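The primary structure of each chain is shown beneath.
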Amino acid sequence: MLEEFKSDTPLEEREDIIVCKNINKWFGKLHVLKDVSLNVKQGEVVVILGPSGSGKSTFIRTINALEEIQEGEIVVDGINVSHDVQDIEAIRKETGMVFQQFNLFPHMTILKNITLAPIWVRKWPRAKAEKIAMELLERVGIPEQAHKYPGQLSGGQQQRVAIARALAMQPKIMLFDEPTSALDPEMIKEVLDVMRELAKSGMTMLVVTHEMGFAREVADRIVLFDNGEIIETGSPEELFDNPKHERTKLFLSQIL
Amino acid sequence: MGNLNDEKAINHVHTPVEGTPDKEPPKTSVGVLGWLKENLFSSWFNTILTFIFAWILYVLIKGTLSWVFLSADWNVITKNFALYFVGQYPKEEIWRVWTSLSIVSLLFGFSSGLWKGTVRQLSVTLSVIYAIIAVMPFITGESRVWLGINILFIYAGMFAISKIPKHKVITITGWLISFPVIIFMLHGFGVFSEVSTNLWGGLLLTVLIATVAIVASFPIGVLLALGRMSSKLPIIRWVCIAYIELIRGVPLITILFMAQLMIPLFMGGINIDNVLRVMIGATLFTAAYLAENVRGGLQSIPRGQHEAAQALGLNSTYRTTFIILPQALRAVIPAIVGQCISMFKDTALVAIVGLIDLLGIAQTIVANPKFLGKQMEAYLFIALIYWVISYSMSYASRRLEKNLGVGER
C-alpha cells in the first residue's frame, strides 16, 4: 500500500495509485478493450469521455474487478487485480464506486445503506459507523433523510446517498460510472456539486461522464475513449481547445 | 469539509406559487341508485343478465340454507366433536393437548402485544373462534374451562408482554422451543404416560404435519435455491437441480408411499415412527417447490444490487444474507404462502397411507353405521376448518406483503 501523500506535493511528483498495463477484454468475440494503458496519480482527477459503447464504462469497472480482464495487468494501491478473492475484496475496500442507477439497497434505510459495509467489512462498532454516516450525510446535504428508505428520495438525493455510502468505507479511490446520466436535468447540479467538493478535498477520482462543463472545470486530465482504445489524453485545455486527433475533433463536434 | 447545502435548490421544497388554484375532481359516486343503474342495469342486455344471476343466486342460497337448517343432521359433528380435533387421543390425557394449545395461545398473545397489526387481528380471530366453540350447546364443561383459559392467555399475553423486560427475546425463543415442547407434551417420552403417534389424529395431526413440513422445508428450500443459482460450485448446482427436478416430477402421494416403504429400508431395520416418516416425505416434497419459488425471487434481483454490494467489499456470504435474500424472499412471499397453504391442504393425502388426519377421521366417522349417509355434513364441516385456516394464512400474507412494502422502489 502507498503512503498517504501530502496535498502540497505537485501532481507530477506523486506516486501512481492505479497502474493499468495493456488491458485486453473480450465479451464473447467482441473486443471491447484493446491494449488500454493508463496510470493515475494519488489525488488526481481523471475524466473519461467517449461515445457510448466505446468501452469507457467497462474500463472503469475492471479497476475494482466488477469486470474480469483476459490480458494485461492492473495494480491498484499496490495490490494486483487477479482472480484471488481476497485480493479483489482488499481492492474493493479501497475503491468506492458510484453507479448510473444509484443501486441503493431498497429494503434498508439510508443510514443502514451507509453503515452496512463499515460495520461488516471494516468491523467498526455500530456507534462509530453511524456517527461517520451522519457526518457524510451532512457533507452531501441531506442529514434529515437518514431514516427514510431510498424509494422516498428524489434521484439526485439517492445519488448523493450513493456517494456517501461509497465514502463511508473511507476509500482512497472513487470511481464514478456516469453518475448523472439517469438524473433529471434539475438534479444534476446537486450531484456535481458534491463531486466537485470531493475533488477539491484531494480524493483520487476516475469519472466517466458526459458533463463537459464538469470535465473542463474539475479534471486534471481527460482521457478520450473510442472503439475500445484510448485515442487521446491531456489536460482539459489541450483536449477541448486543441484536439490533436481526428476522432477527438469529431466527438467534440458532436457533443458541443 | 464544506456543507453543500448552501443552495436551497438542492432540497426541492415545494413552495406555493401564484397560478390557477387547484380544482376539486368531478364527483364520481352518485348514491345507491346510481351505482345500481351503472353496474347492474346499464343496458337491456345487462338487465337480463342481472335477473338471470339473481334467480340462480336465489335458488342456490335457498337450497343451501334449507338444507343446513332443516334437513341436515348435525349429530355427526356434535356427537364426535373431539374426534375431529384430536382423533383417538386418550380422554384422560387430553389435558396435554389443551396445555399445548394454551402455549400457542399465550405465544399468539405475546406476539400480538409486540407486533400489533396482522398478528393482533389473527389473535383476536382465534379468540373469537374459541368463544364460538365454547358457547356451542354440546361442548363439555371441562372444554369450556380450557377454552376460557386459552382466551384469557391470548389477552393476558397481549397486555403483559410489553411490561416484561427482554420481551422480544422471550417471544422469539418461546416460538422456537414451543414446537419441541409440544411434541414432548403430546408424546410423553416416558415422563408422562406415553401416547403413541398412531393415536394422534384429526386436526391436531394435520396441523403438526403441515407445521413440520413448512418450517423444516423453508431452510432446505432456500439452500437448494442458492445451490441451484451458484455459478462457482458446479457440482452442488447439479446436485440441487437433480434433486429439485426429481421431486417435482413425482406426485406427493408417491413420495408419501415411498417414505412409508423406503425410509425403513434405507435405515437398515431401525424402526422410524409412521408419523415422522410422513413428515420427512412432506418436508422433502415442499422443499423442492419452495426452492423454485425462492429461485424466482433470486432471479428478480437486478444485477446492480449484486454489483453495488460487491463494490462495497462485502463478501459473498454477507451479500447473500443482507442484500440478496431479504429482497428475494420479500418478492416471493405470495408464492411461498401459496406453497404453505397448498402443503396444509395436501396433508389430507396422508389419510391414504393410513394416518387418521382431519380427512381420515371424517372417513372413519362416516364409515360408522350409526352415521350412515351423513358424509355431506362431515365433509362440509372439515372443509370449513380447512378453509378458515387457509384463508387466515392467505390474509396474513397479503397484510405482510403490504407492511413490508415500505421503501419499495
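Because the structure is a prediction, the values reported are computed rather than measured.

Criteria and cut-off values
- Residues numbered from 1 in each chain as written.
- Chains lettered and ligands numbered in written order.
- Predicted model: local features only at pLDDT ≥ 70, side-chain atom pairs only at ≥ 80, totals over all residues.
- Heavy atoms only, no water.
- Helix = DSSP H or I, 4+ residues; strand = E, 2+ residues; numbered from the N terminus.
- Rg over C-alpha atoms; globule rule 2.2 N^0.38 Å.
- Contact = heavy atoms within 4.5 Å.
- Areas by Shrake-Rupley, 256 points an atom, 1.4 Å probe, with all protein chains shown as cover.
- Lys, Arg positive; Asp, Glu negative; His and termini not counted.
- Charge placed at Lys NZ, Arg CZ, Asp CG, Glu CD.
- Buried area = accessible area lost by both parts, 1.4 Å probe.
- Salt bridge = Lys/Arg side-chain N within 4 Å of Asp/Glu carboxyl O.
- Polar contact = N/O pair within 3.5 Å; in protein donor to acceptor, adjacent residues only side chain to side chain.
- Nonpolar A, V, L, I, M, F, W, Y, C, P; charged D, E, K, R; others polar.
- Core = buried A, V, L, I, M, F, W, Y, C linked by side-chain atoms within 4.5 Å.
- Buried < 20%, exposed > 50% of the residue type's maximum accessible area, 1.4 Å probe, protein only.
- Phe/Tyr/Trp six-rings, centres within 6.5 Å; stacked < 30°, edge-to-face > 60°.
- Lys NZ or Arg CZ within 6 Å of the ring centre and 35° of its normal.
- Domains from an automatic or database assignment.
- Pairing = 2+ DSSP bridges.
- Axes fitted to C-alpha atoms, helices over the stretch in contact; angles between N-to-C directions.
- 1 Å grid on protein atoms, 1.4 Å probe; cavity = no way out; pocket = protein on both sides within 12 Å on 5 of 7 lines; lining within 4 Å.
- Points joined across faces, edges and corners; volume = space filled by probe spheres on them.
- Expected span 1.5 Å × (residues − 1).
- pLDDT = per-residue confidence, 0-100.

Caption draft 1: Structural detail: the overall build of chain B. The helix and strand tally for chain B stands at 17 helices and 0 strands. Its C-alpha atoms give chain B a radius of gyration of 27 Å, more than 25% over the compact-globule value 22 Å for 409 residues. Considering only C-alpha atoms, chain B reaches an extent of 85 × 65 × 50 Å along its principal axes. If you take every contact in chain B between residues at least 6 apart in sequence, the share linking residues at least 24 apart comes to 73%. Carbon and sulfur atoms provide 71% of the accessible area of chain B, an area that totals close to 23,500 Å². Side-chain charges of chain B comprise 30 positive and 20 negative groups, with the mean position of each set lying 1 Å from the other.

Caption draft 2: Seen up close, the interface of chain A and chain B. Taken residue by residue, the interface counts 41 residues in chain A and 33 residues in chain B. Together, the buried faces of chain A and chain B total about 3,000 Å²; carbon and sulfur atoms form 61% of this surface. Taken together, the connections running from chain A to chain B amount to 2 salt bridges. Between Glu67 of chain A and Arg303 of chain B there is a salt bridge, and its shortest N-O distance comes to 3.9 Å. Linking chain A with chain B are 6 residue pairs in polar contact (both at pLDDT 80 or more), by the criterion used here. Those elements that place two or more of their residues in the side of chain A that touches chain B are helix H2 (85-94), strand S6 (95-98), helix H3 (110-120), helix H4 (126-139), helix H5 (155-167) and helix H6 (185-200) of chain A. When residues of the side of chain A that touches chain B are assigned to their parent elements, the largest contribution, 7 residues, is made by H6 of chain A. When the residues that make up the side of chain A that touches chain B are grouped by side-chain class, the tally is 17 nonpolar, 9 polar and 15 charged.

Caption draft 3: Expanded view of the nonpolar core. Ranked by size, the top nonpolar core spans 61 residues in total, and within it Phe59 and Leu206 of chain A together with Ile323 of chain B carry the most contacts. Among the elements that make up this core, the one with the highest residue count is helix H14 (residues 316-331) of chain B (6 residues). Those residues within four positions of Phe59 of chain A in sequence are excluded, and the remaining contacts are Cys20, Ile23, Leu33, Val36, Leu38, Ile48, Leu206 and Phe225 of chain A. Counting residues in each nonpolar core, the second largest holds 53 residues, with Trp124, Leu153, Phe176 and Leu239 of chain A among its members.

Caption draft 4: Representation of the packing of aromatic side chains in the model. In total, this model carries 20 aromatic pairs over all chains according to the counting rule given. Feature note: the residues Phe81, Tyr84, Phe85, Phe138 and Phe381 of chain B constitute an aromatic cluster, connected by ring pairs. One residue, Lys128 of chain A, lies across the ring of Trp124 of chain A, its end atom 4.3 Å from the ring centre. Its guanidinium or amino end placed over the ring of Tyr289 of chain B, Arg248 of chain B lies 5.9 Å from that ring's centre, counting from NZ or CZ.

Caption draft 5: Layout of the domain arrangement of chain B. Residues and elements named next belong to chain B. When the domains of chain B are assigned, the result is domain 1 (83-195) and domain 2 (201-399). For domain 1 versus domain 2, the separation of C-alpha centres amounts to 24 Å. Counting residues at the interface gives 15 residues for domain 1, matched by 20 residues for domain 2. Summing both partners gives a buried area of about 1,400 Å² for domain 1 against domain 2, and 77% of it is carried by carbon and sulfur. Ranking the residues of domain 1 by area buried against domain 2 places Tyr84, Phe85 and Phe179 at the top, with a combined share of 43%. Taken together, the connections running from domain 1 to domain 2 amount to 0 salt bridges. For the pair domain 1 and domain 2, the number of links is 6 residue pairs in polar contact (both at pLDDT 80 or more). Contributing elements (two or more residues each) for the side of domain 1 that touches domain 2: helix H4 (81-86), helix H6 (117-135) and helix H8 (167-187). Among the residues making up the side of domain 1 that touches domain 2, the classes are represented as 11 nonpolar, 4 polar and no charged.

Caption draft 6: Looking closely at the pattern of salt bridges. Residues and elements named next belong to chain A. All told, the structure shown has 26 salt bridges over all chains when counted by the stated rule. Measuring nitrogen to oxygen at the nearest pair gives 3.9 Å for the salt bridge that ties Glu73 to Lys21. Here Glu73, found in strand S4 (residues 71-76), pairs with Lys21, found in strand S1 (residues 16-27); they are 52 residues apart in sequence, far enough to count as distant. With relative accessibility at 31%, the residue Glu73 sits in the partly exposed group.

Caption draft 7: How the structure looks around the sheet that holds strand S10 (residues 229-234) of chain A. Residues and elements named next belong to chain A. Spatially, the 6 strands line up as an open sheet ordered S6-S7-S8-S3-S9-S10, and their pairing is mixed. Because the sheet does not close on itself, it has two edges, and the strands there are S6 and S10. Between one strand and the next, the sheet's axes are offset by a mean angle of 15 degrees, whatever the strand orientation. Judged from the 4 bridges that link them, strand S3 (residues 45-49) and strand S9 (residues 221-226) form a sheet pairing that is parallel.

Caption draft 8: Representation of empty space enclosed by the protein. Within this structure, the stated rule accounts for 1 cavity of 30 Å³ or more. Forming the walls of the largest cavity are 13 residues, and the residues nearest its centre are Gly96, Met97 and Ala166 of chain A together with Ala311 and Leu312 of chain B. Taken together, the elements giving at least two residues each to the lining of the largest cavity come down to H2, S6 and H5 of chain A together with helix H13 (303-311) of chain B. With 3 residues, the single largest contributor to the lining of the largest cavity is S6 of chain A. A breakdown of the residues in the lining of the largest cavity according to their chemical character gives 8 nonpolar, 2 polar and 3 charged.

Caption draft 9: Spotlight on the sheet that holds strand S5 (residues 79-80) of chain A. Residue and element names in this part refer to chain A. Sheet architecture is open: 4 strands sit in the order S2-S1-S4-S5, paired in antiparallel fashion. The open sheet has two free edges, formed respectively by strand S2 (30-41) and S5, since each of these has just one partner strand. Looking at chain direction, S1 and S4 are connected through 5 bridges and run antiparallel. By the bridge assignment, Val19 is partnered in S4 with Val75.

Caption draft 10: Structural detail: the pairing of S3 of chain A. The buried count for S3 of chain A comes to 5 of 5 residues, which makes it a mostly enclosed element. Residues Val45, Val47 and Leu49 of chain A point to one face of S3 of chain A and Val46 and Ile48 of chain A to the other, with burial holding for every one of them.

Caption draft 11: Region of interest: helix H15 (residues 333-346) of chain B. Residues and elements named next belong to chain B. For H15, which comprises 14 residues, the first-to-last C-alpha distance of 19 Å matches the rise-based estimate of 20 Å (1.5 Å per residue) to within 8%. Restricting attention to buried positions, one finds in H15 the residues Ile333, Ile336, Val337, Gln339, Cys340, Ile341, Met343 and Phe344. Against helix H9 (202-229), helix H11 (252-266), helix H12 (274-299), H14 and helix H17 (375-404) lie the buried residues of H15.

Caption draft 12: Structural detail: the environment of Asp87 of chain A. Residue and element names in this part refer to chain A. Along the chain, Asp87 falls in helix H2. Note: C-alpha distance between Asp87 and Ala65 (22 residues apart in sequence) is 10.0 Å. Discounting chain neighbours no more than four positions away, the residues touching Asp87 are Ile79, Asn80 and Ser82.

Caption draft 13: Just the confidence of the model for chain B, in detail. All names here are of chain B. Averaged over all residues, the pLDDT of chain B equals 86, while 94% of them reach at least 70. Of the regions scoring below 50 in pLDDT, residues 1-13 engages in 28 contacts with residues more than four places distant in sequence or in other chains. As a predicted assembly, this complex carries a pTM of 0.82 together with an ipTM value of 0.91.

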